[in-house]
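Read off the chains here:
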Amino acid sequence: MAKIGFIGLGNMGGPMANNLVEAGHDVTVFDLSEDAMATLQAAGASIANTAVDAVQGAEFVISMLPASKHVNSLYLGDEGIAAHIPESALVIDSSTIDAQTARDLAVALNKHGVRFIDAPVSGGTAGAKSGTLTFICGGDAADIEEARSVLGHMGKNVFRAGEHGAGQVAKICNNMLLAILMTGTSEALQLGKANGLDPKVLSEIMLQSSGRNWTLEVYNPCPHVLEGVPSSNNYEGGFQVDLMAKDLGLAKDTAENVGAKTPLGDLAQSLYQAHSGEGFGKKDFSSIFTHLEAKRSS
Ligand code: NAD
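Residues numbered from 1 in each chain as written. Predicted model: local features only at pLDDT ≥ 70, side-chain atom pairs only at ≥ 80, totals over all residues. Heavy atoms only, no water.

Engineer: Go over the pairing of strand β5 (residues 90-93) with me, naming the residues and quoting the values.
Structural biologist: Neither face of β5 is exposed, since Leu-90 and Ile-92 on one face and Val-91 and Asp-93 on the opposite face are all buried. Pairing geometry for strand β4 (residues 60-63) and β5, over 4 bridges, is parallel. Within β5, the position partnered with Val-61 by the bridge is Val-91. This β-α-β element, β4 to helix α4 (residues 68-76) to β5, shows right-handed connectivity. As defined by bridge partners, β5 adjoins strand β6 (residues 115-118) across 4 bridges and the pair is classed as parallel. The residue of β6 that forms the bridge with Ile-92 is Ile-117. Crossover β5 to β6 through helix α5 (residues 99-111) is right-handed. (Buried < 20%, exposed > 50% of the residue type's maximum accessible area, 1.4 Å probe, protein only. Helix = DSSP H or I, 4+ residues; strand = E, 2+ residues; numbered from the N terminus. Pairing = 2+ DSSP bridges. Right-handed = clockwise from strand over helix to strand, strands pointing away.)

Engineer: Talk me through the site of the ligand; I want residue IDs and the actual numbers.
Structural biologist: With respect to spatial proximity, 23 residues lie near the ligand, and among them Asn-11, Met-12, Asp-31, Pro-66 and Thr-96 are the closest. Note that an oxygen atom of the ligand is positioned 2.9 Å from one of the backbone N or O atoms of Asn-11. Protein chains bury 87% of the 830 Å² of accessible surface belonging to the ligand in isolation. Elements with a minimum of two residues in the shell around the ligand: α6 (124-130) and α11 (241-258). Looking at side-chain class alone, the shell around the ligand contains 11 nonpolar, 9 polar and 3 charged residues. Shared between two domains, the shell around the ligand takes at least three residues from each, and those domains are domain 1 (3-163) and domain 2 (169-297). (Near = heavy atom within 4 Å. Polar contact = N/O pair within 3.5 Å; in protein donor to acceptor, adjacent residues only side chain to side chain. Areas by Shrake-Rupley, 256 points an atom, 1.4 Å probe, with all protein chains shown as cover. Nonpolar A, V, L, I, M, F, W, Y, C, P; charged D, E, K, R; others polar. Domains from an automatic or database assignment.)

Engineer: Explain helix α7 (residues 141-151) to me, and be specific about the residues and the numbers.
Structural biologist: The periodicity of an α-helix, 3.6 residues per turn, causes residues three or four places apart in sequence to face the same way. Inspection of α7 places Asp-143, Ile-144, Ala-147, Val-150 and Leu-151 among the buried residues, and these make up the whole buried set. The buried residues of α7 occupy an angular sector of 95° when projected down its axis, which confines them to one face. (Arc of directions from axis to C-beta.)

Engineer: Describe in detail the pattern of salt bridges, supporting the description with residues and values.
Structural biologist: Here the structure, examined in full by the defined rule, presents 10 salt bridges. In this structure, Glu-293 engages Lys-193 in a salt bridge whose closest nitrogen and oxygen atoms are separated by 3.5 Å. A residue pair is termed long-range when its members are at least 10 positions apart, and Glu-293 in the segment after α13 (288-291) and Lys-193 in helix α8 (residues 166-194) qualify at 100 residues. Of the residues examined, Glu-293 reaches a relative accessible area of 46% and is grouped as partly exposed. On the basis of relative accessible area, Lys-193 is assigned to the partly exposed category, the value being 30%. Residues Glu-217 and Arg-212 are paired through a salt bridge, measuring 3.0 Å at the closest nitrogen-oxygen approach. A relative accessible area of 36% places Glu-217 in the partly exposed class. (Salt bridge = Lys/Arg side-chain N within 4 Å of Asp/Glu carboxyl O.)

Engineer: Quick rundown of the layout of surface pockets? Include the residues and the values.
Structural biologist: The computed volume of the second largest pocket comes to approximately 160 Å³. Around the second largest pocket, the lining residues are Asp-98, Ala-99, Gln-100, Arg-103, Val-169, Leu-250, Asp-253, Thr-254, Asn-257 and Val-258. Mapped onto the lining of the second largest pocket, the elements with two or more residues apiece are α5 and α11. The dominant element in the lining of the second largest pocket, judged by the number of residues it contributes, is α11, at 5 residues. Across the lining of the second largest pocket, the residue classes tally to 4 nonpolar, 3 polar and 3 charged. When residues of the lining of the second largest pocket are sorted by domain, at least three fall in each of domain 1 (3-163) and domain 2 (169-297). (1 Å grid on protein atoms, 1.4 Å probe; cavity = no way out; pocket = protein on both sides within 12 Å on 5 of 7 lines; lining within 4 Å. Points joined across faces, edges and corners; volume = space filled by probe spheres on them.)

Engineer: Any details on the packing of aromatic side chains? Residues and values, ideally.
Structural biologist: To describe a pair of aromatic rings, one takes the distance between the centres and the angle between the planes. Tallied over the full model, the rule gives 3 aromatic pairs. Their ring planes at 25° and their centres at 5.4 Å tell us that Trp-214 and Tyr-219 sit as a pair that is stacked. Residues Phe-239 and Phe-285 carry aromatic rings whose centres are separated by 5.6 Å and whose planes lie at 65° to one another, so their mutual orientation is edge-to-face. In this pair, Phe-239 is assigned in the loop between α10 (214-218) and α11 and Phe-285 in the loop between α12 (263-280) and α13, connecting sequence segments 46 residues apart. Here the two residues Phe-239 and Phe-285 agree in accessibility, since each one is buried. By way of ring pairs, the aromatic residues Trp-214, Tyr-219, Phe-239 and Phe-285 are connected into one cluster. (Phe/Tyr/Trp six-rings, centres within 6.5 Å; stacked < 30°, edge-to-face > 60°.)

What follows is the structure in C-alpha cells.
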C-alpha cells in the first residue's frame, strides 16, 4: 500500500480520500476546512497542519480542488508545495481545470524532478462515494499505468486521452455535453409538467424512447422522480451550479482557442450563469430545472 498526500476534501475529494483509507493506504490529508479534515481523521487518515506537511515522504500526491487558480496556488504559489514533493513521487491532479494550466504544471513540476498527470473525473459524488469514478487522464502512459494502483481504489475506469492536458480537454467535452443534456432534459420535463403531465410518467416514457440520457436515468432534475439524488434533497450536495458554469467557461475557452463552434455549450453557459446570478450558485447543477419552470402551469 502507498503513502499518499491528499489535498482538497470537498464533495468529491472527501469520499475519494475515504476510499483510499478503506483500501489500506497510508493517507495524510489537508483541507482549508477543519471539519472536512476531522471527518477523514475519524475514518483513519492522518491530518496535516499545512499542505507542505501533507506531502512529506509521499509516493503519490492527489489534489481535488475547485478550479485552476486553487491548483496553481497550491503547487506554485508563495507557499506552494512543488519544491517539497519528494522527487520519486507522482502527482495526480483530479480537479477540473483548464488544459493549459495542467500542461504548465507538468513542466513546472518536472523542473523539481516530479512527475505529473492530469486525471479529472466523471461520475459525480455518488461515484466518488461508491468508488466507481471514471478517471480521464493526460500524461505519460507509464505514469498513468503507475497511477492505476491508487486510482483503482477510487474508480472503475481509467482512460488515457493523450499527453498532458488531454485529460482536461476530454473532461470539458464531456461536461459541456452533460450541461446541454441537463438543460434539455429539464426543458422537456417542464414542458410536459406545464401541460399537465406527471413528470414521473413522462420520465418513464422518455427513458424507453429516443430522449433517453444519463441525466434522465440516474440524475433526474425534477424532485422526487428519483430518490437519493440532489433534486430530491432540495438540490443540496452533488455538483454545484458555479462549478458547472466554470466548466462551461473552460469549454468556451478551449473552443475559441481552436475556432471550434459550440453554440449549445455557449447557451448552456448563459443559462447557468443567469441561474447562479439569481442566488443558486451553491445548489446542485440539476437545479437548472427550477430556472426553467413555466410561468403559468396547468
Ligand atoms: P468542493 O468545493 O466541494 O471542494 C473543494 C475543496 O477544496 C473544499 O473542501 C475546499 O475547502 C478545498 N480547498 C480549496 N482550496 C484549497 C487549498 N488551497 N488547500 C486545501 N484545500 C483547499 O468541490 P468538489 O465538488 O469536491 O469539486 C472538486 C473538483 O472536482 C472541481 O474541479 C469540480 O469541477 C470537479 N468535479 C466535481 C464533481 C461533483 O459532482 N461535485 C464531479 C466531477 C468533477
